[in-house]
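Residue-level listing of the chains:
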Amino acid sequence: MKTNKRKVGVSELAEGMTLAETIFDIDGKTLFSEGLKLNKKRIDRIFLLNAKTIFIEEIPKRTEKKANDDFVKNKIEEVKSLNKERVLNEARVEASKVVENIIEQVMDARSIKSEKITKIVEKIIGIVLQDDKVVLNLANLSSIDDYIFSHSVNVCVLSLITGIFLGFNHQKLLMLGSGALIHDIGKMLVPVSILNKPDKLTEEEYKIIQQHTVYGHKILRDTMKFSDEVATIALSHHERVDGKGYPNQLSKNEISKFSKIVGITDVFDAITSKRVSCDKISYYKGVEYLLKNANTQFDGDIVKKFITIIGYYPIGLYVQLNTGDIGMVITKNKLCPVVKVTIDSNGNKLRNHYEIDINRNPSISIVDINLEEYQAKQRLLN
Ligand SMILES: [Fe+2]
């Protein structure tokens, strides 16, 4: 199995971890070779070196990503050999140019070809499939100056990652990614004075903004000649499962899965884009908002899947581990919090709770979230 390196503080070393790099003593002689498993004696020796950090092997946790057709498998092989940072950067620049170009063409009322969009989405799919940790680079995506460009690309990337983890094939990923990239294209037909109004919108102005969904649908379907499934993403990404969205107040299964996904990633990116540099608090805010509104505004199953992909778990959230045990998150640590286990894999309530530090146990991961319990707790607090 392919392993990644992870830098850990010497104080975090635990028995069973595997060295990802050879460790030398103060005379430059090999002390412990790469690939060696750590035991207590070896950890004590490393302590004596006064090193602050070392690299250990990390076993990839996410086994549920499915390469479910030949395109996906081939794409993974193709992009493995490329420089990830360079490809990501190129795609980012290209994506922003494409979106900018589309916007210009819409303003000129010229015809736009859907092929332009699918070409860039193909590229983004390749990058996302290469490494789902690409999501960590979303902060870089925000370096694109104009919010609407960076937001479009972020929503596309987040939606594709979600689609991959839901097992979508190439064709479905292309449709989802295309609709996600230009889901807000209809905003170009809303007067800028209303879009950028700093004060509270009047009821009339809010109705005009809501029309961006209808405009977008028309552009995607009639001008760009996208299929109904893709065009519907622009139309329905503000519909909510409780029927309180717009423009058609659709509910539950009346809303397409594509639109439900983009509805979630659109809101999540809007919340987290308010972050200042390196501030991860907003990620927790985004996750908390989705948890709070799951099954009312957003599809609960997709929210749960999305959060396990993003990997930010608020303290107090009950989660299920891949061991079957259930427990409560008690520390904040992206992907790797400490979980206090209260129910074992057979469903038995434990009299003696114990803690699992996922950071120190690379083979353990969170696979599910208890939404109902979190929401009940929030209701009590408010
Ligand atoms: Fe929108």
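None of the values given here were measured: they were computed from a predicted structure.

## Describing the overall build of the protein chain
In step 1: A count of helical and extended segments in the protein chain gives 15 helices and nine strands.
In step 2: Scored against the burial criterion, the 382 residues of the protein chain give a buried share of 34%.

## Considerations on the packing of helix α10 (residues 212-223) against helix α11 (residues 228-236)
In step 1: Interaxial distance between α10 and α11 falls to 7 Å at its minimum, and their mutual angle equals 160°. With respect to their mutual orientation, α10 and α11 come out roughly antiparallel. Crossing hand, α10 versus α11: right-handed. Facing Thr-213, Val-214, Gly-216, His-217, Leu-220 and Arg-221 of α10, the residues of α11 in contact are Asp-228, Val-230, Ala-231, Ala-234 and Leu-235.
In step 2: The class makeup of the residues in the contact of α10 with α11 is six nonpolar, three polar and two charged.

## Remarks on the packing of α11 against helix α12 (residues 257-272)
In step 1: In the contact formed by α11 and α12, the axes pass within 8 Å of each other and the chain directions differ by 40°. On the basis of their axis angle, the class for α11 and α12 is oblique. Our pair here, α11 against α12, has a crossing hand that is right-handed. Here Glu-229, Thr-232, Ile-233 and Ser-236 of α11 lie close against α12, whose contacting residues are Phe-258, Ser-259 and Val-262.
In step 2: Looking at the contact of α11 with α12, its residues break down into three nonpolar, three polar and one charged.

## As for the environment of Ser-114
In step 1: Relative to the helices and strands, Ser-114 is located in helix α4 (residues 114-130).
In step 2: When the C-alpha positions of Ser-114 and Phe-226 are compared, they lie 6.3 Å apart, and in sequence the two are 112 residues distant.
In step 3: Filtering out sequence-adjacent residues up to four positions away, Ser-114 remains in contact with Met-224, Lys-225 and Phe-226.

## Considering unusual backbone geometry
In step 1: Cis geometry marks the peptide bond from Tyr-246 to Pro-247, where omega comes out at 10°.
In step 2: Its place among the elements puts Pro-247 in the loop between α11 and α12.
In step 3: Not every positive phi belongs to a glycine, and Lys-225 is a case in point at roughly 65°.
In step 4: Classification of Lys-225 by C-beta neighbours within 10 Å gives partly exposed; the count is 14.

## Some details on the sheet that holds strand β9 (residues 366-369)
In step 1: The strand order β8-β7-β6-β5-β9 describes an open sheet built from five strands, whose pairing is antiparallel. Looking at which strands have only one partner, the edges of the open sheet turn out to be β8 (349-357) and β9. Geometrically, the sheet is characterised by an average inter-axis angle of 35° between neighbouring strands, direction not taken into account.
In step 2: As paired elements, strand β5 (residues 318-321) and β9 share three bridges and run antiparallel to each other. Of the residues in β9, the one forming a bridge with Leu-321 is Ile-366.

## Examining α12
In step 1: In this model, α12 (16 residues) spans 23 Å end to end at C-alpha, consistent with the 22 Å of a helix rising 1.5 Å per residue.
In step 2: Most of α12 sits out of view: twelve of its 16 residues are buried.
In step 3: Regarding α12, the residues found buried are Phe-258, Ser-259, Lys-260, Ile-261, Val-262, Gly-263, Ile-264, Thr-265, Asp-266, Phe-268, Asp-269 and Thr-272.

## Details of the nonpolar core
Nonpolar side chains in soluble globular proteins tend to end up buried together.
In step 1: Cys-156, Leu-160, Leu-290 and Val-303 are the most contacted members of the largest nonpolar core, which totals 66 residues.
In step 2: It is helix α6 (residues 147-165) that provides the largest number of residues to this core, a total of eight residues.
In step 3: When we break this core down by domain, the ones giving at least three residues each are domain 2 (71-280) and domain 3 (309-381).
In step 4: Not counting residues up to four positions away in its chain, the partners in contact with Leu-160 are Ile-124, Ile-125, Val-128, Leu-173, Leu-176 and Gly-177.
In step 5: Counting residues in each nonpolar core, the second largest holds five residues, with Leu-13, Met-17, Leu-19 and Ile-56 among its members.

Cut-offs used in this document
Residues numbered from 1 in each chain as written. Predicted model: local features only at pLDDT ≥ 70, side-chain atom pairs only at ≥ 80, totals over all residues. Helix = DSSP H or I, 4+ residues; strand = E, 2+ residues; numbered from the N terminus. Buried ≥ 20, exposed ≤ 12 C-beta atoms within 10 Å, placed from the backbone. Axes fitted to C-alpha atoms, helices over the stretch in contact; angles between N-to-C directions. Parallel < 35°, antiparallel > 145°, perpendicular 65-115°, else oblique. Left-handed = near helix turned anticlockwise from the far one by under 90°. Contact = placed C-beta atoms within 7 Å. Nonpolar A, V, L, I, M, F, W, Y, C, P; charged D, E, K, R; others polar. Pairing = 2+ DSSP bridges. Expected span 1.5 Å × (residues − 1). Core = buried A, V, L, I, M, F, W, Y, C linked by C-beta atoms within 7 Å. Domains from an automatic or database assignment.

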